[in-house]
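The lines below spell out each chain.
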Amino acid sequence: MSSKFPVSEMACMKLGSKTDAFQRQGQAWFCTTGLPSDVVVEVGEMSFHLHKFPLLSRSGVLERLIAEASDGGEEDCVIQLPDIPGGAKTFELVARFCYGVKLELTASNVVYLRCSAEHLEMTEEYGEGNLIAQAELFLNQIVLRSWKDSLKALQSCEDVLPQAEDLNIVKRCIESLAAKACTDPNLFGWPMMENGGLMQSPGGSVLWNGISTGARPRNASSDWWYEDVSTLSLPLCKRLISVMESRGIRPDTIAGSLVFYAKRYLPGLKRRQGVSESSTRLVPAALGTLPSEDDQKLLLEEIDRLLPMQKGLTSTKFLFGMLRTAMILHASPSCISNLEKRIGMQLDQATLEDLLMPTFSYSMETLYNVDCIQRILDHFLVIDQATGGASPCSDVDGQLMGSPSLTPITMVAKLIDGYLAEVAPDVNLKLPKFQALAAAVPEYARPLDDGLYRAIDIYLKAHPWLTDSEREQLCRLMDCQKLSLEACTHAAQNERLPLRVIVQVLFFEQLQLRTSIAGCFLVSDNFDGSRQLRSGFAGSTEGGWATAVRENQVLKVGMDNMRMRVSELEKECSNMRQEIEKLGQVKTSSTWGSVSKKFGFKLKSQMCSAQEGSVSNQKKDVIGKVEKVKDRHGKHRTNLSTER
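First things first, this report covers the structure right here in the doc. Quick caveat: nothing in here was measured; it's all calculated off a predicted structure.

Overview of the overall build of the protein chain
Logical step 1: For the protein chain, the helix and strand inventory stands at 27 helices and nine strands.
Logical step 2: Considering only intrachain contacts with a sequence separation of at least 6, the fraction spanning at least 24 residues in the protein chain is 67%.
Logical step 3: Working note: accessible area of the protein chain is about 34,500 Å², and carbon and sulfur atoms make up 53% of it.

Rendered as structure tokens:
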């Protein structure tokens, strides 16, 4: 880059390619040519003591400014360049270029030099191979062909954005990055692979044509560019993603880059991040200070708008973290509503820990944000119904049949029951909120009501001041017929439950036992009747016979357990009947009729005649247990009144 100067300025030509021609002294730069400077250029707080001819021979702007200052008749020619892109640091490089000092163009300074050259009108009219042409050549042939250099150039555009936009540098860099992100990374900017892997030196660095480059091998997965793009500002990152989308990049790849970007600049997202998800790449120490709360709020709202509204693109844990951070930062209601809808679309993928969101308000009505979970559940149910998640069909025996949406809704029902059990101990949780959340889950979504019973029991224990009518209303949420045998056993001894519920539980518990025993006998009879038929094929089915013997043993063990349980119940009922007879309080069938009318029991009419005797005994057992429960509840109410 030699400069052609007038013959009268031969002293300036002596500089050649020396790099020590400029010396800095405090806030001033001096050109060591042996000739006194005849012009002072002020750029910000820095002053440059230079010579006129090297400057005006390369720049149209400097030529005019020097001419204007010289026409003023002042001895000292001082010109000011307050608006030069890149400031004093860039003008120093421009001055070196004007003096013929060889410049080292890089991806980090070429944008500043290109914008400054445009600002100073350093065109070909003022010398062949001027700075504009040199910068454009380097930008097009070197920078835009490399991912790394394109990224550095785009980052440098942040400081001179208006000028870089006018020169289409930003657009060209973004187009270059978008094209490379949508292409196989092995086809550009990185060393080629050999035998399926990068050529490496013994030290582990990448080899380029057999020469160590010092670069470490990189994984060519679809997320290889996430970390690089996260160094851009949000506006530039947004524009880059928009161009990527127009080029047909996959939505899950876009979502992954936005998740990476959010985790880097929103520290609230990493508060519950597990060890497996942590990464040293996300530590914001290299970024300097973290964004302010206002900047974080704007960033969160923008990422919410950029994320594709599609199920499964982002993890539910990340979405809950975004929602939690949005509430802390007081994001816009539309942003919070969008995040709740996103979570509702994939609520079946959430965990109980995700749902336990504290209430971020000064009122602190409840410990956890139950209203938010209610809205999320409503969104899930709307989508489930819209996608065909209607109530599953039932067969003749009333058993649930398979449905494509039964598994997600069942998982959500189990999740909500667990959540209800966690929030139930909160004394500030009002009964209507608890009931509304529990009742929002469809009945068919719960194969068993054990989880709901557990939540109700915890709520009753934490709220002993509930009236009898409120307890009755709360217990109507569960179906006693859908309680397991273990839950029935616990509920039958639970003094917190209303008397009506306990009687229902006792009845259905014995009904389950009788039905189970009858089924075991039926299986046993069928097995004995077919034993002789199977014995004829013993020679060829030894393996099948051994399996049948094992099944028979398992059935016998089950029957023995059932007999022991029934025997215990009969002994207990017998003892209670004897006590009742001593007290003269025995009532016959009229008593049972009044009890059945009071509690609304319904017996199936399809009972076999062989089981009529057992059913009559079952009725007597229930009568005895009812009397015992009444006595227990009377004592419990007396104790409560004494405590109050």
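Looking at the pattern of salt bridges
Logical step 1: A complete count under the given rule lists 18 salt bridges for this structure.
Logical step 2: Note that Asp252 is salt-bridged to Arg250, the shortest N-O span being 3.5 Å.
Logical step 3: By relative accessible area, Asp252 is classed as partly exposed at 33%.
Logical step 4: Here Asp354 and Lys317 are joined by a salt bridge, their closest N and O atoms 3.2 Å apart.

Some words on the state of the cysteines
Logical step 1: As enumerated under the stated definition, the model contains zero disulfides in all.
Logical step 2: Cys173 provides the cysteine sulfur closest to Cys157, a residue in no disulfide bond, and the two sulfurs are 5.0 Å apart.
Logical step 3: Exposure remark for Cys157: the relative accessible area of 0% places this residue in the buried category.

With respect to the nonpolar core
Logical step 1: Core analysis: the biggest nonpolar cluster contains 152 residues, and Val41, Leu50, Phe91 and Leu347 have the highest contact counts within it.
Logical step 2: Considering every element that reaches this core, the biggest residue donor is helix α18 (residues 406–423), with nine residues.

Topic: the side chain of Arg446
Logical step 1: Positionally, Arg446 belongs in the loop between α19 (431–440) and α20 (450–462).
Logical step 2: Here Arg446 is in contact with Ala413, Asp417, Ala438, Val441, Leu452 and Lys482, once residues within four sequence places are set aside.

With respect to helix α17 (residues 370–386)
Logical step 1: If you check α17, its first and last C-alpha atoms are 24 Å apart, about what 17 residues at 1.5 Å a residue would give, namely 24 Å.
Logical step 2: The set of residues buried in α17 consists of Val370, Cys372, Ile373, Gln374, Ile376, Leu377, Phe380, Leu381 and Asp384.
Logical step 3: N-cap assignment for α17: the residue whose side-chain oxygen lies 3.1 Å from the backbone N of Cys372 is Asn369.
Logical step 4: Directly beyond the C-terminal end of α17, a positive phi value near 95° is found at Gly388.

A short note on the environment of Gly100
Logical step 1: Mapped onto the elements of the fold, Gly100 is located in the loop between α4 (87–98) and α5 (110–119).
Logical step 2: Taking the C-alpha atoms as reference, Gly100 lies 8.5 Å from Pro54; in sequence the two are 46 residues apart.

Quick look at the pairing of strand β3 (residues 39–43)
Logical step 1: Buried residues dominate β3, accounting for four of its five residues.
Logical step 2: By the bridge criterion, five bridges tie β3 to strand β4 (residues 46–50) in an arrangement that is antiparallel. Paired with Val39 across the bridge in β4 is Leu50.
Logical step 3: Taking the residues between adjacent antiparallel strands as the criterion, β3 and β4 are bridged by two residues, where Gly44 takes a positive phi near 65°.
Logical step 4: Pairing of β3 with strand β5 (residues 78–80) involves three bridges; the strand directions are parallel. By the bridge assignment, Val41 is partnered in β5 with Ile79.

Describing helix α22 (residues 485–492)
Logical step 1: Of all the positions in α22, only Ala487, Cys488, Ala491 and Ala492 are classed as buried. The buried residues of α22 occupy one face: seen down the axis, they fall within an arc of 130°.

About the criteria used
Residues numbered from 1 in each chain as written. Predicted model: local features only at pLDDT ≥ 70, side-chain atom pairs only at ≥ 80, totals over all residues. Heavy atoms only, no water. Helix = DSSP H or I, 4+ residues; strand = E, 2+ residues; numbered from the N terminus. Contact = heavy atoms within 4.5 Å. Areas by Shrake-Rupley, 256 points an atom, 1.4 Å probe, with all protein chains shown as cover. Salt bridge = Lys/Arg side-chain N within 4 Å of Asp/Glu carboxyl O. Buried < 20%, exposed > 50% of the residue type's maximum accessible area, 1.4 Å probe, protein only. Disulfide = S-S within 2.5 Å. Core = buried A, V, L, I, M, F, W, Y, C linked by side-chain atoms within 4.5 Å. Expected span 1.5 Å × (residues − 1). Polar contact = N/O pair within 3.5 Å; in protein donor to acceptor, adjacent residues only side chain to side chain. Pairing = 2+ DSSP bridges. Arc of directions from axis to C-beta.

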